[in-house]
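# What the coordinates show
If you want the building blocks of each chain, they are given just below.
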Amino acid sequence: MAKWNARVRQPGSGCMTEAARDQKQRLAFDHYVVPEIPVLYRVALSLTGQPADAEDLVQDTLIRAFGAVDRFDGAHPRAWLLTILRHTHLNRVRGRKPVLLRDGQSVELTLERVGKPEPSAEEVVVSDLFESVVAEALAALPNTHREVVTLVDINGLSYQEAADVLGVPRGTVMSRLHRARARIRTRLTAAGLAPRRRML
Amino acid sequence: MIQSMLSRSGCLRVTRVLQSYLDGEVDEVTSGIVAKHLEECRRCGLEASTYRAIKSAITEAGPDVAPVDAEAVERLRRFAEDLAEPQT
């Protein structure tokens, strides 16, 4: 991404007036931060498990981001914001582990297919069953695994962005995610809904 | 025999990166190699289909796992606007 700040940085910025600095801060905030609010909210929801807490967390994150945006170099705004979100979350919960789903909470699935050929009754049953098993397997995952699946598969974060949120290396995100899906796959195989894993 | 060993070796390499490939997390060269292998190898193709279906089912579960309240997002946008509003 082009360093957007460079476009608003003016010659002789050392002499920039306070009003000009405020203007630059607002423009950078609108450009880098505001478009990421939906993602921040989704991730906050994953971390807190409660809509009200998620909203508060994003508000605190926005306040911090606003205060720091004039020092942001413009590279990878989402990663930068997710890191702020994580630090803010950690400060708020003071060591309490994030929870994605309450223990024992199950996930109901709906089946909606728009713009696809009408599936047969058998296909609907098998598909419904497949998704039910996946949802149950997802709910049964350890929190550390489920939170990675939620961040990547549901919230659409990249491995690196999920790593930034969780404060772990990218490789840890990758191994947790892959193991989580392998566990889901094992459940599907046991239910006769997926082929056995082949031995190489 | 050699062909089979070479094929198995290819399968092993593809299996190691399959999920990263499906997540779009491999480089272009690796992506091309994996895509070609999946076209040629029925077993690996089946493996890829299985993980695609799992990923898709997880995404389907998304709204229940992490519902997004459009009103909350709108409130946060307004909060951000107020935050960036020039102080008078």
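Just so it is clear, the model here is predicted, and its values are computed rather than measured.

### A closer look at the overall build of chain B
Summing up its helical and strand segments, chain B has four helices and zero strands in all. Secondary structure of chain B in N-to-C order comes out as α-α-α-α. Taking all 88 residues of chain B together, the buried fraction comes to 36%. Put simply, 48% of the contacts in chain B that link residues at least 6 apart link residues at least 24 apart. Accessible surface, chain B as shown: approximately 5600 Å² in total, 53% of it carbon and sulfur.

### Quick notes on the confidence of the model for chain B
Residue and element names in this part refer to chain B. Chain-level statistics for chain B give a pLDDT mean of 84 and a share of 81% at 70 or above. Per-element averaging of pLDDT across chain B places helix α1 (residues 2-22) at the bottom with 78 and helix α2 (residues 28-40) at the top with 93. Reported for the predicted complex are a pTM of 0.66 and an ipTM of 0.75.

### A look at the packing of helix α3 (residues 37-48) of chain A against helix α5 (residues 77-93) of chain A
Residue and element names in this part refer to chain A. It is at 11 Å that the axes of α3 and α5 come closest, and there the two elements cross at 35 degrees. In the crossing of α3 with α5, the sense of the turn from one axis to the other is right-handed. Across from Val39, Leu40, Val43, Ala44, Leu47 and Thr48 in α3, the residues of α5 making contact are Arg78, Leu81, Leu82, Leu85 and His89. Of the residues contributing to the contact of α3 with α5, the split by class is eight nonpolar, two polar and one charged.

### Notes on the pattern of salt bridges
Note that side chains of opposite charge can pair when their charged atoms are close. Evaluated as defined, the whole model comprises 13 salt bridges over all chains. For the salt bridge of Arg78 of chain A with Glu36 of chain A, the shortest nitrogen-to-oxygen distance reads 2.8 Å. Taken together, the positions of Arg78 of chain A in helix α5 and Glu36 of chain A in the loop between α2 (18-33) and α3 put the pair 42 residues apart, joining distant regions of the chain. Under the relative-accessibility criterion, Glu36 of chain A is labelled buried at 13%. Each of the salt bridges in this network shares a partner with another, and the network as a whole consists of Asp153 and Arg181 of chain A together with Asp23 and Lys55 of chain B.

### Describing the interface of chain B and chain A
Opposite the 40 residues of chain B that make contact, chain A presents 46 residues. Our count for the contact surface shared by chain B and chain A stands at five salt bridges. Taking the shortest distance from any N to any O, the salt bridge between Glu55 of chain A and Arg75 of chain B comes out at 2.7 Å. For the interface between chain B and chain A, the tally reads 11 residue pairs in polar contact (both at pLDDT 80 or more).

### Details of helix α4 (residues 70-84) of chain B
Between its terminal C-alpha atoms α4 of chain B stretches 21 Å, which fits the 21 Å expected from 15 residues at 1.5 Å a residue. Those residues of α4 of chain B that sit buried are Ala72, Val73, Leu76, Ala80, Leu83 and Ala84 of chain B. The arc enclosing the buried residues of α4 of chain B, seen along the axis, measures out at 110 degrees, which places them on a common side. Along α4 of chain B, the residues that are exposed and aim more than 90 degrees away from the buried face are Ala70, Glu71, Glu81 and Asp82 of chain B. Looking at the buried residues of α4 of chain B, the elements they touch are α2, α3 and α4 (51-68) of chain A. Its side-chain oxygen placed 2.9 Å from the backbone nitrogen of Glu71 of chain B, Asp69 of chain B serves as the N-cap of α4 of chain B.

### As for unusual backbone geometry
The backbone of His76 of chain A shows a phi angle near 55 degrees, a positive value even though the residue is not glycine. By relative accessible area, which is 61% here, His76 of chain A ends up exposed.

### Side note on the environment of Phe130 of chain A
Secondary-structure assignment places Phe130 of chain A in helix α6 (residues 121-140). By relative accessible area, Phe130 of chain A is classed as buried at 14%. Linking Phe130 of chain A and Leu188 of chain A, residues 58 residues apart in sequence, is a C-alpha distance of 7.2 Å. When residues no more than four places from it in sequence are discounted, the contact partners of Phe130 of chain A are Leu188 and Leu193 of chain A together with Ala53, Ile54 and Ala57 of chain B.

### Considering the environment of Ala79 of chain A
Within the fold, Ala79 of chain A resides in helix α5. Separated by 83 residues in sequence, Ala79 of chain A and Ala162 of chain A place their C-alpha atoms 8.7 Å apart.

### A closer look at α2 of chain B
Residue and element names in this part refer to chain B. With 13 residues, α2 extends 19 Å between its outermost C-alpha atoms, agreeing within 8% with the 18 Å of an ideal straight helix rising 1.5 Å per residue. Of all the residues in α2, the buried ones are Val34, His37 and Leu38. In a view along the axis of α2, the buried residues occupy a sector of 100 degrees, so they form one face of it. Exposed residues on α2 whose side chains face more than 90 degrees from its buried face are Glu28, Val29, Glu39 and Glu40.

The rules we used
- Residues numbered from 1 in each chain as written.
- Chains lettered and ligands numbered in written order.
- Predicted model: local features only at pLDDT ≥ 70, side-chain atom pairs only at ≥ 80, totals over all residues.
- Heavy atoms only, no water.
- Helix = DSSP H or I, 4+ residues; strand = E, 2+ residues; numbered from the N terminus.
- Buried < 20%, exposed > 50% of the residue type's maximum accessible area, 1.4 Å probe, protein only.
- Contact = heavy atoms within 4.5 Å.
- Areas by Shrake-Rupley, 256 points an atom, 1.4 Å probe, with all protein chains shown as cover.
- pLDDT = per-residue confidence, 0-100.
- Axes fitted to C-alpha atoms, helices over the stretch in contact; angles between N-to-C directions.
- Left-handed = near helix turned anticlockwise from the far one by under 90°.
- Nonpolar A, V, L, I, M, F, W, Y, C, P; charged D, E, K, R; others polar.
- Salt bridge = Lys/Arg side-chain N within 4 Å of Asp/Glu carboxyl O.
- Polar contact = N/O pair within 3.5 Å; in protein donor to acceptor, adjacent residues only side chain to side chain.
- Expected span 1.5 Å × (residues − 1).
- Arc of directions from axis to C-beta.

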